[in-house]
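What the coordinates show
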Amino acid sequence: MNIAIVSLIILLTLLLLSIPVAATMGVLGIILEKLYSPFPLIRAIGDVAWSENTSFVLFAIPLFILLGQILLKSGIAGDTYKAIDKWLSWLPGGLMHANIMTSALFAATSGSSVATAATIGTLALPQAEKYGYNESLFAGSIAAGGTLGILIPPSINLIVYGFLTNTSIPRLFVAGIIPGIMLAFLFMFMILILCIINPKLGKVKKGISWQERIKTITNLLPILIIFLVVVGSIYAGFATPTESAAMGVIASLIITAIRGNLNLNLLKESIEGTMRSTGMIMLILLAATYLNFILVSLGLTDILQDFIRNLGFSPLNTLLIIIAMYIVLGFFIETLSMMVLTIPIVYPVILNLGFDPIWFGILLILLIEMALITPPVGLNLYVVQGVRGKGSIKEIIIGSVPFVIMMIIMIAVLIMFPEIVLYLPAKFN
């Protein structure tokens with residue numbers, strides 16, 4: 001296990017030095033190659049990076065990011081939030097229910113948790129102070145709602161998981177629907193209970209007539225149409241995830257043009273935002289691909305897999321250890337990086353234990369979601385705080401705790417009842 005210990009020490013040292021994760025993985029690969037390989041494996045970096053990262057599947061990532069950017073810049077996301085506000089703000093907790101439900105709808109088109117949290121945060125946070133909400137729980141609901149972006153299809157993280165494990169992405173997408181909806185309602189249930197116990201946490205908007213609510217239905221149509229185009233085309237069998245993403249971008253542009261909001265400035269801002277996000281994601285994937293190549297070449301992945309298998313634990317206990325590992329790693333490592341670092345090691349163990357790869361993919365995404373709202377590296381916490389622009393991030397962390405509890409409950413439910421995940425994929429076959 002010497003090489004494993006050295007790898008861990010180098011990895012933690014680089015992360016503690018605040019070196020960007022992509023650079024950390026690349027440097028770790030180079031150091032391990034110099035220390036342990038008798039062959040100049042670094043010469044393969046170009047071939048490895050090119051062969052693994054020119055997959056047609058990965059082209060869906062910038063397309064889904066572009067789709068989310070267009071929805072935000074065109075005002076479609078804002079209109080959706082206003083409509084959901086009219087329908088749900090009568091509940092105890094008021095606008096916080098709109099935060100969750102709008103996040104769920106936006107997640108069904110954007111595929112990104114950070115984009116969802118940033119979008120809903122921009123729309124909703126000004127309302128918290130205006131109507132006297134408890135800002136801690138209100139901001140926590142936005143951070144938690146944003147996590148739905150990687151569970152409800154389409155999902156960039158599910159695309160990455162499918163790519164790394166050679167698992168059917170359409171089946172992963174359909175597997176995430178029921179857990180995603182359940183988690184959204186669990187979040188809303190938690191808000192409801194907290195606000196019934198302490199009504200001061202959230203206000204109720206009164207005086208909204210049914211006529212006003214019905215008028216807002218047209219504001220929901222654009223995002224529902226895009227969802228049907230993106231997800232419906234996949235399940236109808238005439239589009240791959242990448243092709244459906246392209247269709248979603250085209251549909252969003254057509255709707256934006258019909259609404260009279262399509263212009264060069266919107267396109268410029270959307271493309272710039274897409275390039276920034278895609279550059280970050282692809283750099284992480286490139287570095288992770290090279291690092292995984294080094295780990296496999298040095299035999300480290302086999303060593304770690306044998307170590308886990310030889311612990312002598314039952315499949316359930318081994319799974320619980322893996323879950324605990326992901327929870328701890330989620331405190332310190334950015335979520336996408338955590339996926340690409342660990343999946344090559346953990347995935348073969350999961351298969352050997354007899355667990356379904358589709359089911360584990362959804363379980364893993366739930367663990368990734370939890371990492372997004374747990375300090376010190378929870379990205380959604382920083383995104384919401386950045387949009388908020390005042391107060392302390394500790395308030396958002398405290399406000400996110402109830403939603404972390406609901407995620408833990410959801411993980412337990414999926415372990416006890418895996419058919420929740422597997423029912424729709426079975427029908428999809």
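The present account deals with the structure reproduced in this document. Everything numeric here is computed off the predicted structure, so don't read it as measured data.

**Some points on the packing of aromatic side chains**
The full count for this structure, using the stated rule, is four aromatic pairs. Taking the centre distance of 6.2 Å and the plane angle of 85° together, the rings of Y161 and Y347 count as edge-to-face. You can see Y161 sitting in helix α9 (residues 156-165) and its partner Y347 sitting in helix α18 (residues 335-352), a full 186 residues away along the chain. The same class applies to Y161 and to Y347, which are both buried.

**Some points on the side chain of R213**
By secondary structure assignment, the location of R213 is in helix α12 (residues 210-215). No salt bridge is formed by the buried R213. Its closest oppositely charged neighbour is E212, at 7.9 Å. If we skip the residues at most four places from it in the chain, R213 touches K86, W87, W90 and I208.

**Some points on the environment of T218**
Checked against the element boundaries, T218 lands in helix α13 (residues 217-235). In this structure, the C-alpha to C-alpha distance between T218 and D79, residues 139 residues apart in sequence, is 9.3 Å. Looking at T218, its side chain comes within polar contact range of the main-chain oxygen of K215, at 3.3 Å.

**Brief notes about helix α22 (residues 419-428)**
Turning to α22, its buried residues number three or more, namely I420, V421 and P425. Across the axial projection of α22, the buried residues extend over an arc of 135°, all falling on one side. Exposed positions of α22 whose direction lies more than 90 degrees from the buried face are A426 and K427. Those residues of α22 that are buried are in contact with α10 (169-175), α11 (177-197), α19 (357-372) and α21 (393-416).

**Side note on the packing of α13 against helix α14 (residues 241-258)**
For the pair α13 and α14, the least separation of the axes is 8 Å and the interaxial angle reads 160°. In terms of axis orientation, α13 runs roughly antiparallel to α14. In this structure, α13 meets α14 at a crossing whose hand is right-handed. Listed contacts from α14 to P222, I225, I226, V229, V230, S233 and I234 of α13 are P241, S244, M247, G248, A251, S252 and I255. Classifying every residue of the contact of α13 with α14 gives 10 nonpolar, four polar and no charged.

Thresholds, definitions, all that
As a convention, each chain's residues are numbered from 1 in the sequence order in which they are written. In keeping with the model being predicted, local features are shown solely for residues with a pLDDT of at least 70 and side-chain atom pairs are shown and tallied solely at 80 or more, while totals for entire chains, interfaces and linings include all residues. To get the side-chain values, all heavy atoms of the structure are used, and hydrogens and water are removed first. Each Phe, Tyr or Trp ring, with Trp reduced to its six-membered ring, pairs with another whose centre is within 6.5 Å; inter-plane angles below 30 degrees give stacked pairs, above 60 give edge-to-face pairs, and intermediate values give tilted ones. Helix and strand definitions here come from DSSP, where helices need a minimum of 4 consecutive H or I residues and strands a minimum of 2 consecutive E residues; each element is numbered from the N-terminal end. Each residue is placed in one exposure class: buried if its accessible area under a 1.4 Å probe, protein chains only, is under 20% of its type's maximum, exposed if it is over 50%, and partly exposed if it falls in between. Positive charges come from Lys and Arg alone, negative charges from Asp and Glu alone, with His and the N- and C-terminal ends not counted. The term salt bridge refers to a pairing of a side-chain nitrogen on Lys or Arg with a carboxyl oxygen on Asp or Glu at a separation within 4 Å. Note on contacts: a residue pair is in contact if any heavy atoms of the two residues lie within 4.5 Å. Identification of polar contacts relies on pairs of N or O atoms within 3.5 Å, with a donor-acceptor requirement for protein atoms, meaning one able to donate a hydrogen and the other able to accept it, and with residues adjacent in sequence counted only if both atoms are side-chain atoms. Working definition: the arc comes from the directions between the helix axis and the C-beta atoms, pointing outward to the latter. Axis definition: a line fitted to C-alpha atoms, limited for helices to the stretch in contact. Angles are taken between N-to-C directions and run from 0 to 180 degrees. By definition in this entry, angles of less than 35 degrees are roughly parallel, angles greater than 145 are roughly antiparallel, angles of 65 to 115 are roughly perpendicular, and the rest are oblique. Crossing handedness is defined as follows: a turn of the near helix away from the far one that is anticlockwise and smaller than a right angle gives a left-handed crossing, while the clockwise case is right-handed. Amino acids outside the nonpolar list (Ala, Val, Leu, Ile, Met, Phe, Trp, Tyr, Cys, Pro) and the charged list (Asp, Glu, Lys, Arg) are all regarded as polar, and Gly is one of them.

Remember that the coordinates give geometry; whether it matters functionally is a separate question.
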